[in-house]
Amino acid sequence: MWGGRFSRGPAGIMEEINASIDIDKRLWREDIAGSKAHAAMLADAGILSADDATAIIGGLDQIAGEIERGEFAFSAALEDIHMNIEARLKDIIGEPAGRLHTARSRNDQVATDFRLWVRSACEDMETALNGLMRALAQKAETHADAVMPGFTHLQIAQPITFGHHLLAYVEMFARDADRFADARRRLNDCPLGAAALAGTSFPIDRNATAKALGFDRPSANSLDAVSSRDFAIEALSAAAITATHLSRLAEEIVTWTSPLFGFVRLSDAFSTGSSIMPQKRNPDAAELVRAKTGRIVAALNNLLIVMKGLPLAYSKDMQEDKAATFEGVDALALSLAAMTGMISDLEPDRARMLDAAGQSYSTATDLADWLVRVPGIPFRDAHHITGAIVALAENKHLALDELPLADMQGVEPRITQDVFGVLSATSSANSRTSYGGAAPVNVKTQASRWLNQLNKES
């Protein structure tokens, strides 16, 4: 493609390091769409004849069919998807193929293709996240009143509900979906027409190509158009945060499915066995989701490092942008699908969770609150009194609601029989009716709200 300037071909190792077709061939749809929009615009502007434009667009449609059917022969010697398609177009229609590259460069071509791909990926991640949120909200609604222990420091803290725990992840994933939507909005400027870096002297209509490709507007600065990759970095940043949330949920599924907890069970569809231990049921899907977070965070780090020292405008380093982005997005898409499947599949052991929720004096705060609410004791004093009662119960190897009233009154005489109404795990969870609290009535309201919102967006 630059034979006029060079008298010899590249060395074999140069050809190998320079070629990107094995990675960027997945941009073929975007590349063909961009070329068709460019050809149509050139014809409308009088830069390209109508016959040439018709031949070019017809040839591009033929190439799309060949790629779809697996009949297209990709060549590393042609470096990338752009030159592979252009060379095949010349085979099909001859000389008019050479006119397609008028008023554009591979720099704005790849920037356009890549923005189109990342835009689609952001939309796909939003859709996948909405599916996961729907699965979580449905499970939360079904188990809104299933009492379980809430943890801090992975120590039993206070009784909550299983539905409330799941809705916490709905909130997280909703923010993730918003981040992808924001990234999609910010990237939607069209680089096509920026050419190599300075724009072009041809009377092109950049608004027309932007509109044809679904962009909001053409990019306003030709240097920025071809040299920026922050749109991919932002998408990978959203992906890394999402993966972190997925990893936290995966870790909890791994913990909950352990026989030591036994809070939930995954069916055979999302469990694996052991080659030596016949009794094993391993939550491998959750473990792999947890592990793939490393790939996704690494993809973000990879692209940040590639871009951090590059002057304007284009440098060949930027050829490495797509491998990292594709890998990060692919890993996230698979992780979201696996997690959605697991959430739909898992079933909680309500009795086991309820039993655990009452352990470790988890209703001590309810006792302290009762002392504030009924006898009117200041909370700091109530906290101290409750600590003493917990120590007494612990010494007697009794739960709080098993400790005799007389023993409690020995610590604080104003305690009455009514205190036992707040000391069970169920009563504790039911009492958390403040906005955003764990009470079943709140969970049902929030789950219903989320399901209504997600169904409208689907």
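Look up: the structure comes first, before these words.
Residues numbered from 1 in each chain as written. Predicted model: local features only at pLDDT ≥ 70, side-chain atom pairs only at ≥ 80, totals over all residues. Heavy atoms only, no water.

Caption draft 1: Layout of the pattern of salt bridges. Under the definition given, this model contains 26 salt bridges. R449 is the salt-bridge partner of E171, the closest N and O atoms lying 3.6 Å from each other. In this pair, E171 is assigned in helix α7 (residues 162-187) and R449 in helix α18 (residues 440-457), connecting sequence segments 278 residues apart. Residue E171 is classed as partly exposed on the basis of its relative accessible area, which comes to 33%. Linked by salt bridges that have partners in common, E79, D80, R106 and K316 make up one network. (Salt bridge = Lys/Arg side-chain N within 4 Å of Asp/Glu carboxyl O. Helix = DSSP H or I, 4+ residues; strand = E, 2+ residues; numbered from the N terminus. Buried < 20%, exposed > 50% of the residue type's maximum accessible area, 1.4 Å probe, protein only.)

Caption draft 2: Local environment of the nonpolar core. Residues V118, L136, F162, F173, L332, M339 and I343 are the most contacted members of the largest nonpolar core, which totals 97 residues. A total of 15 residues in this core trace back to one element, the largest contributor, which is helix α10 (residues 230-257). Non-local contacts of F173, meaning those with residues more than four positions away in its chain, are made with L129, L132, M133, L136, T242, H245, L246 and L249. Core analysis: the next-biggest nonpolar cluster, separate from the first, contains 19 residues, L367, L403, L405 and V422 among them. (Core = buried A, V, L, I, M, F, W, Y, C linked by side-chain atoms within 4.5 Å. Contact = heavy atoms within 4.5 Å.)

Caption draft 3: Structural context of unusual backbone geometry. Looking along the chain, the bond that leaves L312 and enters A313 is cis, with omega of 10 degrees. If you trace the backbone, A313 turns up in the loop between α11 (284-307) and α12 (321-345). Of note in this structure, H153 is not a glycine but carries a positive phi near 60 degrees. The residue H153 is located in the loop between β1 (147-152) and β2 (155-161) in this model. Assessed through its relative accessible area of 77%, H153 is described here as exposed.

Caption draft 4: Here's a closer look at a nonpolar patch on the surface. On the surface, L197, L223 and L312 cluster together into a nonpolar patch covering about 270 Å² of accessible area. Given a relative accessible area of 31%, L223 falls into the partly exposed group. (Patch = residues over 30% accessible without salt bridge, like charges linked within 9 Å, V, L, I, M, F, W, Y side chains within 5 Å. Areas by Shrake-Rupley, 256 points an atom, 1.4 Å probe, with all protein chains shown as cover.)

Caption draft 5: Just the packing of aromatic side chains, in detail. All chains considered together, the criterion is met by 8 aromatic pairs. Pairing F114 with F231 gives two aromatic rings, centres 5.5 Å apart and planes at 70 degrees, and the pair type is edge-to-face. Taken together, the residues span a long stretch of sequence, with F114 in helix α6 (residues 106-142) and F231 in helix α10 at a distance of 117 residues. By relative accessible area, which is 0% here, F114 ends up buried. In this structure F231 comes out as buried when scored by relative accessible area, which is 3%. Through successive ring pairs, a cluster of aromatic residues spans F114, W117, F231 and F326. (Phe/Tyr/Trp six-rings, centres within 6.5 Å; stacked < 30°, edge-to-face > 60°.)

Caption draft 6: Expanded view of the packing of α7 against α18. One can describe the packing of α7 onto α18 by two numbers: an axis separation of 10 Å at closest approach and a directional angle of 35 degrees. The hand of the α7/α18 crossing is left-handed. Along its contact with α7, which presents G163, H164, L167, V170, E171 and A174, the element α18 presents V443, Q446, A447, R449 and W450. Looking at the contact of α7 with α18 residue by residue, the class counts come to 6 nonpolar, 3 polar and 2 charged. (Axes fitted to C-alpha atoms, helices over the stretch in contact; angles between N-to-C directions. Left-handed = near helix turned anticlockwise from the far one by under 90°. Nonpolar A, V, L, I, M, F, W, Y, C, P; charged D, E, K, R; others polar.)

Caption draft 7: Looking closely at helix α14 (residues 364-373). Among all positions in α14, only A364, D366, L367, A368, W370 and L371 are buried. Those residues of α14 that are buried are in contact with α15 (379-395) and α17 (425-431).

Caption draft 8: Spotlight on empty space enclosed by the protein. One pass over the structure, following the stated rule, counts 2 cavities of 30 Å³ or more. As a volume, the largest cavity reaches approximately 40 Å³. Together, D31, S35, L60, H82, I85, E86, L89, L100, R104 and Q109 line the largest cavity. Here the element with the most residues in the lining of the largest cavity is helix α5 (residues 81-93); it accounts for 4 residues. For the lining of the largest cavity, the per-class residue count stands at 4 nonpolar, 3 polar and 3 charged. Taken as a whole, the second largest cavity encloses approximately 30 Å³ of empty space. (1 Å grid on protein atoms, 1.4 Å probe; cavity = no way out; pocket = protein on both sides within 12 Å on 5 of 7 lines; lining within 4 Å. Points joined across faces, edges and corners; volume = space filled by probe spheres on them.)

Caption draft 9: Local environment of α11. Helix length check: α11, at 24 residues, gives a terminal C-alpha distance of 35 Å against a target of 34 Å (1.5 Å per residue), a fit within 8%. Along α11, the residues that are buried comprise A285, A286, V289, T293, I296, A299, L300, L303, V306 and M307. As for α11, its buried residues are in contact with α9 (222-227), α10 and α12. (Expected span 1.5 Å × (residues − 1).)

Caption draft 10: Main features of the pairing of β2. By the bridge criterion, 6 bridges tie β1 to β2 in an arrangement that is antiparallel. When the sheet's bridge partners are listed, T152 is paired in β2 with Q155. (Pairing = 2+ DSSP bridges.)

Caption draft 11: Summary view of the environment of N188. Examined against the element boundaries, N188 turns out to sit in the loop between α7 and β3 (189-190). Using a relative accessible area of 1% as the deciding quantity, one classes N188 as buried. With 29 residues separating them along the chain, N188 and R217 place their C-alpha atoms 7.3 Å apart. Beyond its immediate sequence surroundings of up to four residues, N188 is in contact with R119, G214, F215, D216 and R217. From its side chain, N188 meets the backbone oxygen of G214 in a polar contact 3.2 Å long. (Polar contact = N/O pair within 3.5 Å; in protein donor to acceptor, adjacent residues only side chain to side chain.)

Caption draft 12: Local environment of the environment of R206. By the element assignment, R206 lies in helix α8 (residues 206-212). Spatially, the C-alpha atom of R206 lies 9.1 Å from that of H38, the residues being 168 residues apart in sequence. If we ignore the near neighbours within four places in the chain, the residues touching R206 are C190, P191, L192, G193, A194, P218 and S219. Here C190 takes part through its backbone oxygen, which lies 2.7 Å from a polar atom of the side chain of R206. Of note is the side chain of R206, whose polar atom sits 2.9 Å from the backbone oxygen of L192.

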